[in-house]
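Remarks on the overall topology
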Amino acid sequence: MPGIDKLPIEETLEDSPQTRSLLGVFEEDATAISNYMNQLYQAMHRIYDAQNELSAATHLTSKLLKEYEKQRFPLGGDDEVMSSTLQQFSKVIDELSSCHAVLSTQLADAMMFPISQFKERDLKEILTLKEVFQIASNDHDAAISRYSRLSKKRENDKVKYEVTEDVYTSRKKQHQTMMHYFCALNTLQYKKKIALLEPLLGYMQAQISFFKMGSENLNGQLEEFLANIGTSVQNVRREMDGDVETMQQTIEDLEVASDPLYLPDPDPTKFPINRNLTRKAGYLNARNKTGLVSSTWDRQFYFTQGGNLMSQARGDVAGGLAMDIDNCSVMAVDCEDRRYCFQITSFDGKKSSILQAESKKDHEEWICTINNISKQIYLSENPEETAARVNQSALEAVTPSPSFQQRHESLRPGGQSRPPTARTSSSGSLGSESTNLAALSLDSLVAPDTPIQFDIISPVCEDQPGQAKAFGQGGRRTNPFGESGGSTKSETEDSILHQLFIVRFLGSMEVKSDDHPDVVYETMRQILAARAIHNIFRMTESHLLVTCDCLKLIDPQTQVTRLTFPLPCVVLYATHQENKRLFGFVLRTSGGRSESNLSSVCYIFESNNEGEKICDSVGLAKQIALHAELDRRASEKQKEIERVKEKQQKELSKQKQIEKDLEEQSRLIAASSRPNQAGSEGQLVLSSSQSEESDLGEEGKKRESEA
């Protein structure tokens, strides 16, 4: 190492200008060393801080990797392979974190401590000595100046002594301070080299120790693990690249295919309307009334879920119930200046909503979908096929039908016909293959000009005259408050069968025949056609009570009986074969439009359950009523036989009593003919039974007198 420049301590007492000039050079060098060491200290402190941050970050990373399996991710949170891999990574990173912590401690001891000591102790000592030397030099200059101003003419021993003493003290202090200052500056030349090399040496030794620990921990097994993970990462990257390429191709295809759909109202010829849907989703505008005449429109996402219409605002997590569309009615409406509007009305008529679709296609599909859901087609196994059949039946219903002869011409066997039967059926279709009516036309079943009643009689209205006579009501007004009038006991309390169904009245009309289910099918067709032609969507909901005595339509709100159909008058009942919810029955009443005294009216209903269950219940009620009637007749016959037997028994006992009385009378007469019997006592005393016998004839009295 080259020689070190030094300040001459021997020349401190002389304090020559050359010495002061050389001191200035050393002071500049000390200032430069101080500035450089401050910068080096900041750089090394950054290394130390970075190492501490790296150690803390590594430890935090290891901790987070350990907690991965405790996280609940919405997607892919149950990947056990990923969890085990991250657990292994966590162990390795935790070991690295320990190594980094050891490195931080070594850097603090071997690097930061030496340079901090040099900065805080040595450099501050130089600055302190410099200030002390400057003060001592100024004091010495002041003392010399006073000593030089001593008067030659007027010498004062005391003043001279004080000034001399002051010079002595200040010079001694300056000399001592200057020597220590020179010694510190000379020592600084050595210390600056130590302050530079010792921290660097400690830094390198700490790094070497860190790398040794790393090489010991990162063994061959870890390298194999990292190689496997690297292979897995490459596989995932290739899979991602493949998916990205597929998604890009899908995006391009969708852009080409969706180009016509960008229009708000696409061409319906290119995108046909599907009328067989039972589920649909999309944006609709809903009208909200803000006043008597003012309203606002809100755009929301609507979707069907089972028998419910749900709405969901943009940004909401889940949708809310907008309306129950089971058994509801839906129709297109004209609303202000907006197009493609339709109205949904709940089954009870208490709630309605007006919605607007974006296009004609959506408008038609929404109406058809809600209509299909209203009929509960979504509960069937194949909803779309069922909806297609129901819609086809409705289409046939509004299409004029040919005569039964034309309809069944190809199905009728030559020269054979089945005899008419009076048995009712629980199933049937508009295309029934019966041959006994093949030669009849529709006019023989239902007249074309027969009026259709689309609503049932209100509870506060008078009963129809013909119906009242047939039911034995005598035209009595129905009590609007549900009271029974004179009788307090319900007619159905003693009935064995008591089943309740929810039905909706579609309509009724008078028919000419009531001996075949085709009458019910044709009535269904005409009523459905009339409803479709006249846009009648509302239906009156009632509770149908089936008992062994009658069928009752009860108001679900007030529990008032709207109509009563005596069970003996129900002569025919059937359900639609394709739409199981439709059923009807024929009621034979007195009076009507026909010339004869009896007329038949067919009533058509729609039910929530299958119509077959209602028909089965009616059939069961008629069977129970028939068996009850047979039991009643047998009981009456048995009672009549018992009454005859009792009467015969009474006649027999009366005859025996008469014979007994005659024997008693004969005994008394024989006793009265004895000679010792007094004449006064010869009077005959009739027995109480004989005196009380009121039905003896004149011949019996004569026999008594002769005896």
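Residues numbered from 1 in each chain as written. Predicted model: local features only at pLDDT ≥ 70, side-chain atom pairs only at ≥ 80, totals over all residues. Heavy atoms only, no water.

In the annotation of an unreviewed UniProt entry, the entry for the protein reads DCC-interacting protein 13-alpha, and the organism field reads Mus caroli.

Observations concerning the overall build of the protein
Formally: The numbering of helices and of strands both runs from the N terminus, where a helix is a DSSP run of H or I of at least 4 residues and a strand a run of E of at least 2. Remark: exposure states derive from per-residue accessible area (1.4 Å probe, protein chains only) relative to the maximum for the residue type, with buried under 20%, exposed over 50%, and partly exposed in between. The method behind every accessible area is Shrake-Rupley, applied with a 1.4 Å probe, and residues are considered shielded solely by the protein chains displayed.
Helix and strand counts for the protein come out as twelve helices and 14 strands. Taken over 707 residues, the protein has a buried fraction of 35%. Looking at the protein as shown, the accessible area adds up to about 44,200 Å², and 52% of this sits on carbon and sulfur atoms.

Observations concerning a nonpolar patch on the surface
For clarity, the cut-off: Like charges within 9 Å and nonpolar side chains (Val, Leu, Ile, Met, Phe, Trp, Tyr) within 5 Å are joined into patches, using only residues over 30% in relative accessible area that form no salt bridge. Here, a salt bridge means any side-chain nitrogen of Lys or Arg that lies within 4 Å of a carboxyl oxygen of Asp or Glu.
The grouping of M240, V244 and M247 at the surface amounts to a nonpolar patch, some 270 Å² of accessible area in total. Relative to the helices and strands, M247 is located in helix α4 (residues 220-257).

Focus on the packing of aromatic side chains
To keep things clear, this is the line we draw: Under the pairing criterion, centres of Phe, Tyr and Trp rings, with the six-membered ring standing for Trp, must be within 6.5 Å; the plane angle then separates stacked pairs below 30 degrees from edge-to-face pairs above 60, leaving the rest tilted. Working rule: Lys NZ or Arg CZ, within 6 Å of ring centre, within 35 degrees of ring normal, means a charge sits over the ring.
Applying the stated criterion across every chain, the model contains eleven aromatic pairs. Here the aromatic cluster, defined as three or more aromatic residues joined through ring pairs, consists of F505, F565, F583, F585, Y603 and F605. Positioned above the aromatic ring of Y41 is the side chain of K119, whose terminal nitrogen or guanidinium carbon lies 5.1 Å from the ring centre. Residue placement shows R299 over the ring face of Y283; its charged tip is 4.2 Å from the ring centre.

What to know about the side chain of S607
The cut-off we apply is this: Contact between two residues is taken to exist if any of their heavy atoms lie within 4.5 Å; hydrogens are not considered.
Along the chain, the position of S607 falls in strand β14 (residues 598-607). Those residues in contact with S607, other than ones at most four positions away along the chain, are I502, V503, R504, R581, F583 and I614.

Here we look at the sheet that holds strand β5 (residues 329-335)
To keep it simple, the criterion reads: Two strands pair under a simple rule: DSSP has to find at least two bridges between them. The axes are straight lines fitted to the C-alpha atoms, using for helices just the contacting stretch, and the angles between their N-to-C directions are given from 0 to 180°.
Spatial strand order, β4-β3-β2-β1-β7-β6-β5: seven strands in an open sheet with antiparallel pairing. Only two strands of the sheet have a single partner each, and these edge strands are β4 (320-324) and β5. For this sheet, the mean angle separating the axes of adjacent strands, direction not counted, is 40°. When strand β6 (residues 338-345) meets strand β7 (residues 352-356), the two strands line up antiparallel, connected through five bridges. Of the residues in β7, the one forming a bridge with C341 is Q356. Against the sheet, helix α5 (residues 360-374) touches β1 (281-289), β2 (295-305), β3 (308-312), β5 and β6, its axis set at about 5° to β6.

Things to note about the nonpolar core
Quick note on the threshold: To qualify as a nonpolar core, a set must consist of buried Ala, Val, Leu, Ile, Met, Phe, Trp, Tyr and Cys residues joined through side-chain atoms within 4.5 Å.
Counting residues in hydrophobic clusters, the biggest one holds 28 residues, and the most contacted among them are L23, M37, F118, I126, Y181, L185 and L188. Considering each element in turn, this core owes the most residues, eleven residues, to helix α2 (residues 80-148). With near-sequence residues (within four places) excluded, L188 lies in contact with A30, I33, F118, L123 and I126. Counting 27 residues, the second-largest nonpolar core is a separate cluster that includes L551, F585, C615 and I624.

Quick notes on the pairing of β7
Across two bridges, the pairing between β1 and β7 is antiparallel. Paired with A286 across the strands is L355, a residue of β7. Count of turn residues in the β6/β7 antiparallel hairpin: six residues, of which G349 carries a positive phi of about 75°.

Focus: the confidence of the model for the protein
Short version of the rule: What pLDDT reports is the predictor's confidence in each residue, on a scale of 0 through 100.
Taken residue by residue, the protein gives an average pLDDT of 78. The fraction at 70 or more is 79%. Considering only residues more than four positions removed or in separate chains, one finds that residues 677-698, a stretch of pLDDT under 50, has 14 contacts. Across residues 700-707, confidence stays below pLDDT 50; counting only partners more than four residues off in sequence or on other chains, it has four contacts.

Considerations on the packing of α2 against helix α3 (residues 157-217)
We count it as follows: For classification purposes, angles smaller than 35 degrees are called roughly parallel, those larger than 145 roughly antiparallel, those between 65 and 115 roughly perpendicular, and all remaining angles oblique. In this count, Pro and Cys sit with the nonpolar residues alongside Ala, Val, Leu, Ile, Met, Phe, Trp and Tyr, while Asp, Glu, Lys and Arg are called charged and the others, Gly among them, polar.
Contact geometry for α2 and α3: axes closest at 7 Å, N-to-C directions at 170°. Judged on the interaxial angle alone, α3 and α2 are roughly antiparallel. In terms of residue class, the contact of α2 with α3 is built from 31 nonpolar, 13 polar and twelve charged.

A short note on the pattern of salt bridges
Scanning the entire structure with this criterion turns up 23 salt bridges. The shortest N-O distance in the salt bridge between K361 and E365 comes to 3.0 Å. Of this pair, K361 and E365 are both found in helix α5, four residues apart, which corresponds to roughly one turn of the helix. For E365, a relative accessible area of 5% translates into the label buried. Taken together, the shared-partner salt bridges connect K280, K361, D362 and E365 into one network.

Comments concerning the sheet that holds strand β10 (residues 550-554)
The seven strands lie next to each other as β11-β10-β9-β8-β14-β13-β12, forming an open sheet whose pairing is antiparallel. In this open sheet, the two strands that pair with only one neighbour each are β11 (561-566) and β12 (570-575). Strand-to-strand twist of the sheet, defined as the mean angle between neighbouring strand axes without regard to direction, takes the value 35°. Inspection of the sheet shows β10 paired to β11 by five bridges, in the antiparallel sense. Counted as the bridge partner of I554 is T561 from β11. The strands touched by helix α9 (residues 518-534) within the sheet are β8 (498-511), β12, β13 (582-590) and β14, with β8 carrying the most contacts at an inclination of about 80°. Across the sheet, helix α10 (residues 611-672) is in contact with β8, β9 (540-547), β10, β12, β13 and β14; its angle to β12 comes to roughly 155°.

A closer look at the pairing of β13
Judged by how many residues are buried, β13 sits mostly within the fold: seven of nine residues are covered. Summarising the sheet, β12 and β13 pair through five bridges and their orientation is antiparallel. Within β13, the residue paired with Y573 across the bridge is F585. Counting the residues in the hairpin turn of β12 and β13 gives six residues. One ladder, built from nine bridges, connects β13 with β14; its direction is antiparallel. Within β14, the position partnered with F583 by the bridge is F605.

Focus: the packing of helix α1 (residues 17-66) against α3
Helix packing geometry: the angle between the two helix axes and the distance between the axes. Let me state the cut-off plainly: Helix crossings fall into two classes, left-handed where the near helix is turned counterclockwise from the far one by less than a right angle and right-handed where it is turned clockwise.
One can describe the packing of α1 onto α3 by two numbers: an axis separation of 11 Å at closest approach and a directional angle of 30°. Classified by the interaxial angle, the pair formed by α1 and α3 is roughly parallel. At the point where α1 passes α3, the crossing takes the left-handed sense. Class assignment of the residues belonging to the contact of α1 with α3 gives a composition of 19 nonpolar, four polar and four charged.

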